[in-house]
Each structure stands twice: as structure tokens, then as C-alpha cells.
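# Survey of secondary and tertiary structure
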Amino acid sequence: METGVVTKSTGSWYIVRKENGEQVECRMRGKLRLKGSRTTNPVAVGDRVDMEYDREEYVITRIHERRNYIIRRSTNLSKEAHIIATNVDQALLVATINHPQTPTVFIDRFLMTVEAYNIPAVIVFNKTDLYNESDLARMQELIAIYTSVGYPCHALSAEEPESLVPFKALLANKTTVLSGMSGVGKSTLINRIEPSLQLKVGAISDSHDTGKHTTTFAEIFSLGENSYIIDTPGLRSFGIIDIAKEEISHFFPELFNVSDNCRFYNCTHTHEPGCAVIEAVQKGDISESRYWSYLSMMEENGEKYR
Ligand SMILES: Nc1nc2c(ncn2[C@@H]2O[C@H](COP(=O)(O)OP(=O)(O)OP(=O)(O)O)[C@@H](O)[C@H]2O)c(=O)[nH]1
Ligand SMILES: [Mg+2]
Ligand SMILES: [Zn+2]
């Protein structure tokens, strides 16, 4: 029996990095499933696994307990979950004001999910070289909102090497997963950090100003000693799964902070009189777009999937 870390997962075969650094192709035996929700990928990038060499191939026999993971609903209406990555030290959301436009609802759903699993999140606004004045003003507005909630933000451009210096520094001695919509520049940024990787990147579609889903499987890359980066396929939307409705507000730090002052202990912060959250939104202490995202999740997550 040997142990290793899954560095690539296609759903039918996997690449596992053994303790000696060697990478081997693996299959999976039977059905190893995550307890709780059904997942489209029971073994995900970042998983520590045991494997055996059996009739000329490696077979994964056990998944070690996960320290954390990032999970989303696999498609809008599905009850299945997709695990984006496991056992990470931090999650970097790559966002763009334009080309393509990342909706704040997308940002907030991502942040809520990583908050639920206690993973530190950083927002990276990429493509600043393409922004006009109003895009830049919008970016500053978002940076002010997210910084005040407690999420570090970086503005950068893959086209401007000096802007990448603070980004590089973020990655040292950590396992970092990059996520975001298709076309925001995740693979491009990784190529800038480690040009030898030569990851495939795809142009933005002229007609829709959206990405073309160039990266198809998540994969971990080494950035030298103790630093790993995970490139992931771009997402269209970020569906929440496995979080009970009454828990959603716990993972909006600024909502959670004021909710002690709500009149009713079981306040849902949607309509109740004496709601401290609604008051804070009216006073401008909580951003309207964040509150809007909260409401959209409360509406969607009427069911509890566990
Ligand atoms: N002008 C400009 N173009 C960028 C920047 N970053 C990435 N691009 C371009 O944006 C396009 C999409 O980049 P990718 O790296 O493929 O995007 P991705 O996020 O990996 O997309 P998926 O793999 O589909 O999820 C490519 O044409 C890149 O050259 C940037 O900072 N400035
Ligand atoms: Mg990519
Ligand atoms: Zn309330």
C-alpha cells in the first residue's frame, strides 16, 4: 500500500503524486463516496489517498479524511455536488469587472461557501489593463466593500509583471486554489508565475465577452518547495449546496456580526420587524449588493440537501 496526493482528477482516472514525488496514473475501485451529499467526483484534486498496485495498474482504495474542501452544486437544478478542491490553505477568487463581467452574486456565493468550510479567501481583480475609468471606479467600490468585510483584495493584470509581485508573495508556502468564471485569467496568471507550465489559455468570445471553458479538469502544480497552486475549470455560476437555510447568514461575516441585535432570535433577516441586518443595510453599513446576494441564496436554498 502506498499513499499520495491526487493532482489531477478526470472522473475516470486520476494522477497521484507519491511521497517520493513520482506521479502515477490511478483508477478507482468500486464506489468510494463522500458521506452526505452525492458528489459527481468522489475523489477530488488535493485528496490524500491510499493506493495499491493491482494487475498492472494503481487503484485508489481509500480517501483520507479531508481537512477542508470547496464544493458547489454541479448544475443549477441538480442535487449533486461537485468538489472543486480539497485540503487547501487558501482560496483565491479571480474576478473581473469586465471581459467577462463577474457578478457580485457569484463572488458572494463563492465567499459564503469557503467561509462555511473555514478556508481563508482572497479576491484578485485581474485584467486591470482592459478597464476604462468607470470599470476602475467599480473595482474600487468592490474593493472597499470586500476589504471592509475582511477579505483581502488585489488589483492586477497578467499583462503587467510588476502588478503580480504581491500576488506571487501570497502563494509562498501554501496550497492555493484559483477559482472564478471562465475567461477571467486563472491559467494565464499561473503561466505568468511559472512559465514552464505552459497551460492552455483561451481567447474571450467576441460576441458574448465570456470565456470558452478552456481548462477542463482541476490540476495541482508545484511552484517550488511547499507551494502548490490548483488551476480549476471556469464556472458559469456558483450553486450553493449542503448549507442549511438558517446557516447562510453565519457565513456572511458582516451580517452575522449585527444579527445579535435582531428583535427575534430566529430572525431570517428577510422581512422581520426590528431586524438589525435590514437596519444596517438601510444605514449603508452593510452593502446592498451583499445583502441582495444573501436574499438570492435564501430564496434558492429553500431545500436542505443533507
Ligand atoms: N488584457 C488581458 N488579457 C488577459 C489577462 N489575463 C488573461 N487574459 C486573457 O484572457 C483570456 C482567458 O484567459 P485564461 O487564462 O484562459 O482564463 P481562465 O480563467 O483560465 O479560463 P477557463 O480555463 O476557461 O476557466 C486569454 O485570452 C488571456 O490571454 C489580463 O490581465 N489582461
Ligand atoms: Mg483556464
Ligand atoms: Zn435580522
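That block above? That's the structure.
All of the points below concern the structure found in this document. On a predicted model such as this, the values are computed, not experimentally measured, just so you know. (Residues numbered from 1 in each chain as written. Chains lettered and ligands numbered in written order. Predicted model: local features only at pLDDT ≥ 70, side-chain atom pairs only at ≥ 80, totals over all residues. Heavy atoms only, no water.)

Close contacts around ligand 1 come from 23 residues, with Asp129, Ala158, Ser182, Thr188 and Thr215 the closest. The separation between an oxygen atom of ligand 1 and a polar side-chain atom of Asn126 is 3.1 Å. Burial of ligand 1 by the protein amounts to 89% of the accessible area it has alone, namely 660 Å². Looking at the shell around ligand 1 residue by residue, the class counts come to seven nonpolar, twelve polar and four charged. (Near = heavy atom within 4 Å. Polar contact = N/O pair within 3.5 Å; in protein donor to acceptor, adjacent residues only side chain to side chain. Areas by Shrake-Rupley, 256 points an atom, 1.4 Å probe, with all protein chains shown as cover. Nonpolar A, V, L, I, M, F, W, Y, C, P; charged D, E, K, R; others polar.)

With that out of the way, let us pick up the coordination of the zinc ion (ligand 3). Within the protein, the zinc ion (ligand 3) binds to Cys262 (SG), Cys267 (SG), His269 (ND1) and Cys275 (SG); these donor distances fall in the range 2.1 to 2.4 Å. Positions of the donor residues of the zinc ion (ligand 3), expressed as sequence spacing, correspond to C-x4-C-x1-H-x5-C. (Donors = N, O, S within 2.8 Å, 3.2 Å for Na, K, Ca; no water.)

Where burial is concerned, most of helix α4 (residues 186–193) is hidden: six out of the eight residues are buried. Of all the positions in α4, only Lys186, Ser187, Leu189, Ile190, Asn191 and Ile193 are classed as buried. (Buried < 20%, exposed > 50% of the residue type's maximum accessible area, 1.4 Å probe, protein only. Helix = DSSP H or I, 4+ residues; strand = E, 2+ residues; numbered from the N terminus.)

Let us look at the coordination of the magnesium ion (ligand 2). Within the first shell, the magnesium ion (ligand 2) binds the protein through Ser187 (OG) and Thr215 (OG1), at distances of 2.0 to 2.1 Å. Of the two residues, Ser187 is situated in helix α4 and Thr215 in the loop between α4 and β12 (219–222); the sequence distance between them amounts to 28 residues. Each member of the pair, Ser187 as well as Thr215, is classed as buried.

This paragraph deals with the packing of helix α1 (residues 104–116) against helix α2 (residues 133–149). Orientation of α1 relative to α2, taken along the N-to-C sense of each, is 25°, at an axis distance of 13 Å. Here α2 runs roughly parallel to α1, going by the angle between their axes. Every pair of crossing elements has a handedness; the one defined by α1 and α2 is right-handed. For the pair α1 and α2, contact is made by Thr104, Ile107, Asp108 and Leu111 and by Arg138, Leu142 and Tyr146, respectively. A class-by-class count of the residues in the contact of α1 with α2 yields four nonpolar, one polar and two charged. (Axes fitted to C-alpha atoms, helices over the stretch in contact; angles between N-to-C directions. Parallel < 35°, antiparallel > 145°, perpendicular 65-115°, else oblique. Left-handed = near helix turned anticlockwise from the far one by under 90°. Contact = heavy atoms within 4.5 Å.)

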